[in-house]
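Secondary and tertiary structure notes
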Amino acid sequence: MEHVIKIPVRMLAEYVFKTGSIESGFKTASSFSEGSRIHREVQNTYQEMDQSEVFLKTEIEFDNLLFIIEGRCDGLLFSGEKTTIDEIKSTSLPLESIEENSNPAHWAQAECYGYMFLKEHQNEEIDIQLTYVHKTSGDKKFFKRSFTKEELENSVKGMVADFAPYARLQAEHGLKRDQSIKKLKFPFPRYRHGQRQLAGAVYKTIEEGRTLFANAPTGIGKTISTVFPSVKAIGEEQIKKLFYLTAKTTTRQTAEEAFSLMIKKGLEIRTVTITAKDKVCFTGEGKCSKEHCEFADGYYDRINGAVLDILRNEAILDRCCIEKYAKKHRVCPFEFSLDLAYAADAVICDYNYIFDPKVSLKRLFDEQKKKTVLLVDEAHNLVDRGRDMFTAALEKSPFLQLKREFKEKNHSLGHISKRLNDYFIQLRKQAGFSKTIECVEPLEELNQLIAEFMEHAEKELLRGSAGESDLLLETFFVAQNWQRISSLYDERFIVYALIEKNDVRIKQFCLDPSHLIKQAGKSFKSRIFFSATLNPMGYYRDMLGGDSEDYVSLIPSPFSSEQTDVKIQSLSTRYKDRTRSIKPIVKTMSDLVHNYPGNYLFFFPSYQYLNMVLEEWSISNEDICTIVQGTGMNEEERAAFLESFTADNQGSLVGFAVLGGVFSEGIDLKGDRLNGVVVVGVGLPQIGFERDLISKHFAAIGKNGYDYAYVFPGMNKVLQAGGRLIRSEDDTGRIVLIDDRYLHNKYQALLPDAWKKFTLLY
């Protein structure tokens, strides 16, 4: 045999029988935990002789390939006249909408199990049963067919024949990839200071299947230092796949460049970049129905051909490449990128495709995860991003509108919408003069109402109302997310209601995302969390789901303190003092630019403060070229902003930007493209209701709540902004920190060593 192909039953069935339409997001099956629970409940009803979770395996030769097909069938029932394969499927669909041939992949999966059983036991006939269980009501619907061994053998061999071209392509690529990896050398003439240490720590962590938290200074080349050892681990069969996870588009581009460099050095590898749906949608509307989009209509009829075509001809499957082939084969570019992610060796994407329960890549099998490493870039961002991913909110106004819209058209849907609207009204009355209501326990009555709403909304959507009522579909998705988060609710959450005039907003707010971040990543072989600002390490290890057994690597800065001239101006930038701080701040910035002409970035804690200072700055500095970060800048505007920073600028250039924004991290302005950075304030998030809830939560479990909610996240923004300045051994520049709190011990301790040799500005 040329190649041995090991494939799970479900993967084979789903590859061959892709069915449905990509508009059917509201037809989502139960979450994995719900599905497992429902499977157990059905299996508990089996009779004494019946068996559950039975491992089955077979081998089939085809076209000089040996296929090893294996999996666990849900049930083997021996109580009838014939043995029965029971395939259990949990669903959120109304059972009356499910017909015998609704999903051929379900039959195909069960037929594989049936064939494997008959082949192993030398039997000639078997019954196959599909058991559909509604996840809310628990009601069941059964379909049953009888098959001969010959029928099942023909069916399974037909699936293998359909799968073989893809399998051969992947197997041949794997051989070339591994051979090229063995020859691959580090793609630069030498390691920078700290790079070899980081690369070694990453490889050791992957080899041992552990978790690593690495604090590595800005400018040493963290991307190549994590990607290169991970690629080497693929060649040594430690892993088969890597995910490079980012928070921003700019860092995604850095990862693409790292792979391109290695490919130029002879590496044979396939990389896929997943771009957000709203950026790549060909219609610009994001509506995935056949009425709205020709690329959605018949997607599953064309996708296998599109995948084979692009994999045969391309290695770097970035946005441009994917869009080109998507247009050629008339498939949705976003869904195309998701399908390609399962075929690629390396996937570059946002955090949410692994950690967010709404959009994670759910077709990754546990066996695949065990051979996959997660490289989490700029991992400090995952704390707040994780909090957002595991938070859900509902508002009163959509239910009021749906009550009116469906009062006559659909009495049941109109009635449940009215009951939900009434629930919100009751909360508003309960609040009285208060703006908020806090609840530690989940709102069971609301959760039940939402479950009923989803049931009626699904039925209406299946009748075609998705096209007529965008509001219904949008509200369904919001309700679905609420239900999903409610299944995760524990002591790390709080529910609160916010009263805003006539509207009411209820939130399941994730106070501490650490447990869920850990759960989302635990099935993968290794997790590498790295950043230039995992400081303090204890806080980030705690908040990212780490424990005492995880590896920690603290890479010292390769840059000397002499490269950075640090000054601190002891001035209050607290909210109450901002108006009188403006003139001193402008004088400091003006003196800096006039005394040391060059390119500068000035960072502020908010757009409001930025604009206050900008107004004063403009009066006395008309001769200095000044550009300003705007709210909601698109990619072209961001690129133009950065392109203004050139090493050969005539005169000075000043960019006004916000801390924590797109220009305060993940950008590379080497040499004289950037000569100085001014940071106004200590970056603390604005004092607010949610931040105070976080503070109270961590204080109650023995942590410093204020530091967890405000100080550590705020100072991280400062360190990231200052980190834009020194990007190589040859860079020099000036940093001015404007706030009297920089002289306090707590804040001093959080500064990099190179910044601690500062002088005071008076």
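Residue numbers here run from 1 along each chain, matching the order of that chain's written sequence. Owing to the predicted nature of the model, reporting of local features is limited to residues with pLDDT of at least 70; listing and counting of side-chain atom pairs is limited to 80 or more, with chain, interface and lining totals taken over all residues. By convention in this description, side-chain values take in all heavy atoms of the structure and omit both hydrogens and water.

**Observations concerning the pattern of salt bridges**
- Every case where a carboxyl oxygen of Asp or Glu lies within 4 Å of a side-chain nitrogen of Lys or Arg is listed as a salt bridge. Under the criterion given, the structure shown has 45 salt bridges.
- Of the charged contacts in the structure, one is a salt bridge between arginine 387 and aspartate 384, with a shortest N-O distance of 2.8 Å. In this pair, arginine 387 and aspartate 384 are both assigned in helix α14 (residues 382–389), 3 residues apart and thus about one turn of the helix distant.
- Each residue is placed in one exposure class: buried if its accessible area under a 1.4 Å probe, protein chains only, is under 20% of its type's maximum, exposed if it is over 50%, and partly exposed if it falls in between. Judged by its relative accessible area of 4%, arginine 387 falls in the buried class.
- Ionic pairing is found between glutamate 452 and arginine 419, a salt bridge with its closest N-O pair at 2.9 Å. Of the two residues, glutamate 452 is situated in helix α17 (residues 444–468) and arginine 419 in helix α16 (residues 411–431); the sequence distance between them amounts to 33 residues.
- Of the residues examined, glutamate 452 reaches a relative accessible area of 23% and is grouped as partly exposed.
- Residues joined in a network through salt bridges with shared partners are Glu2, Asp63, Arg168 and Glu172. Counting from the N terminus, the helices are the DSSP runs of H or I reaching at least four residues and the strands are the DSSP runs of E reaching at least two.

**What about the nonpolar core?**
- We call a set of buried Ala, Val, Leu, Ile, Met, Phe, Trp, Tyr and Cys residues a nonpolar core when their side-chain atoms join them within 4.5 Å. Membership of the largest hydrophobic core comes to 182 residues, with the highest contact counts inside it found for Ile274, Phe336, Phe355, Phe453 and Ile506.
- Counting residues in hydrophobic clusters, the runner-up holds 33 residues, among them Ile181, Phe186, Phe259 and Ile348.

**Section: the side chain of asparagine 381**
- Here asparagine 381 lies in the loop between β12 (372–376) and α14.
- Two residues qualify as a contact provided that any one of their heavy atoms is within 4.5 Å of a heavy atom in the partner residue. Leaving out residues up to four positions away in the same chain, asparagine 381 has contacts with Ala247, Lys248, Tyr351 and Glu665.

**Details of the sheet that holds strand β7 (residues 211–215)**
- The rule for pairing is simple: two strands pair if DSSP sees at least two bridges between them. Pairing within the open sheet is parallel, and its 8 strands lie in the order β10-β9-β11-β8-β12-β17-β7-β18. Taken across any chain shown, the strands that pair with only one partner, and hence form the sheet edges, are β10 (316–317) and β18 (551–554).

**A short note on the packing of helix α15 (residues 396–406) against helix α18 (residues 470–486)**
- A fitted line through C-alpha atoms represents every axis, and for helices the fit uses only the stretch in contact; the resulting angles, taken between N-to-C directions, go from 0 to 180 degrees. Where α15 contacts α18, the axes come no closer than 10 Å and their chain directions differ by 135°. Taken together, the axis directions place α15 and α18 in an arrangement best described as oblique. Once α15 is placed against α18, the crossing between them reads as left-handed. Between α15, through Pro398, Phe399, Gln401, Leu402, Glu405 and Phe406, and α18, the contact on the second element is made entirely by Leu471, Leu472 and Thr475.
- When residues are sorted by character, Ala, Val, Leu, Ile, Met, Phe, Trp, Tyr, Cys and Pro go into the nonpolar class, Asp, Glu, Lys and Arg into the charged class, and all the rest, Gly among them, into the polar class. Looking at side-chain class alone, the contact of α15 with α18 contains 6 nonpolar, 2 polar and 1 charged residues. Note that the term roughly parallel is reserved for angles under 35 degrees, roughly antiparallel for angles over 145, roughly perpendicular for angles of 65 to 115, and oblique for everything else. When the near helix sits turned anticlockwise from the far one by under a right angle, the crossing is termed left-handed; a clockwise turn instead gives a right-handed crossing.

**A few points about helix α24 (residues 689–700)**
- For α24, built from 12 residues, the straight-helix expectation of 16 Å at 1.5 Å per residue is met to within 8% by its first-to-last C-alpha distance of 17 Å.
- Every buried residue belonging to α24 is among Arg691, Leu693, Ile694, Ser695, His697 and Phe698, and all of these are buried.
- The secondary structure elements touched by the buried residues of α24 are α14, β14 (436–439), β15 (493–500), β16 (503–510), α20 (537–543) and α25 (705–722). To estimate the expected span of a helix, count its residues, drop one, and scale the result by 1.5 Å.

**Topic: the confidence of the model for the chain**
- In predicted models, pLDDT denotes the confidence assigned by the predictor to each residue on a 0 to 100 scale. Per-residue confidence for the chain gives a mean pLDDT of 92; residues scoring 70 or more make up 97%.
- Counting interchain partners and residues more than four positions distant, the pLDDT-below-50 stretch residues 21–31 has 30 contacts.

**Observations regarding helix α21 (residues 578–595)**
- Here α21 spans 25 Å end to end across 18 residues, near enough to the 26 Å set by a 1.5 Å rise per residue.
- Every buried residue of α21 is accounted for by Arg578, Ser581, Ile582, Ile585, Val586, Thr588, Met589, Ser590, Leu592 and Val593.

**Concerning the packing of helix α6 (residues 222–235) against helix α7 (residues 249–264)**
- Between α6 and α7, whose axes approach to 10 Å, the crossing angle comes to 50°. It follows from the interaxial angle that α6 and α7 lie oblique. Crossing angle aside, the handedness with which α6 passes α7 is right-handed. Taken together, the residues of α7 that come into contact with α6 (itself represented by Thr223, Ile224, Val227, Phe228 and Val231) are Thr254, Ala255, Ala258, Phe259 and Met262.
- Among the residues making up the contact of α6 with α7, the classes are represented as 8 nonpolar, 2 polar and no charged.

**So, the sheet that holds strand β13 (residues 392–395)**
- The sheet built from 4 strands is open, its strands ordered β13-β16-β15-β14 with antiparallel pairing. The sheet is open, and its two borders are formed by β13 and β14, each paired with just one other strand. Sheet twist, expressed as the average angle between the axes of neighbouring strands with direction ignored, equals 15°.
- As defined by bridge partners, β15 adjoins β16 across 8 bridges and the pair is classed as antiparallel. Its bridge partner lying in β16, glutamate 500 is registered against aspartate 503.
- Each of β13 and β16 touches α15; the most contacted strand, β13, lies at about 45° to it.

**As for the pairing of strand β21 (residues 625–628)**
- Across 4 bridges, β21 lies against strand β22 (residues 653–658) in parallel orientation. Bridge assignment links valine 628 to a residue of β22, and that residue is phenylalanine 656.
- With helix α23 (residues 635–643) bridging β21 and the parallel β22, this β-α-β connection has right-handed handedness. Whether a crossover is right-handed depends on one test, that the path from the first strand over the helix to the second runs clockwise when the strands point away from the viewer.

**Some remarks on the environment of arginine 330**
- Residue placement: arginine 330 occurs in the loop between α10 (319–329) and α11 (333–341).
- The sequence separation of arginine 330 and serine 146 amounts to 184 residues, and the corresponding C-alpha distance is 38 Å.
- When sequence neighbours within four positions are dropped, the list of residues in contact with arginine 330 reads Glu294, Phe295 and Arg302.

**Topic: the environment of asparagine 704**
- Mapped onto the secondary structure, asparagine 704 falls in the loop between α24 and α25.
- Its relative accessible area of 40% is what places asparagine 704 among the partly exposed residues.
- Any pair of N or O atoms that falls within 3.5 Å is considered a polar contact. Within protein, one atom must be able to donate a hydrogen and the other to accept it, and sequence-neighbouring residues count only if both atoms are side-chain atoms. Within the structure, asparagine 704 has its side chain in polar contact with the backbone nitrogen of aspartate 707 (distance 3.1 Å).

**Description of unusual backbone geometry**
- Residues asparagine 535 and proline 536 are joined by a peptide bond in cis, for which omega reads 5°.
- Its identity is not glycine, yet glutamate 237 carries a phi of approximately 60°, on the positive side.
- Considering the arrangement of structural elements, one finds glutamate 237 in the loop between α6 and β8 (241–246).

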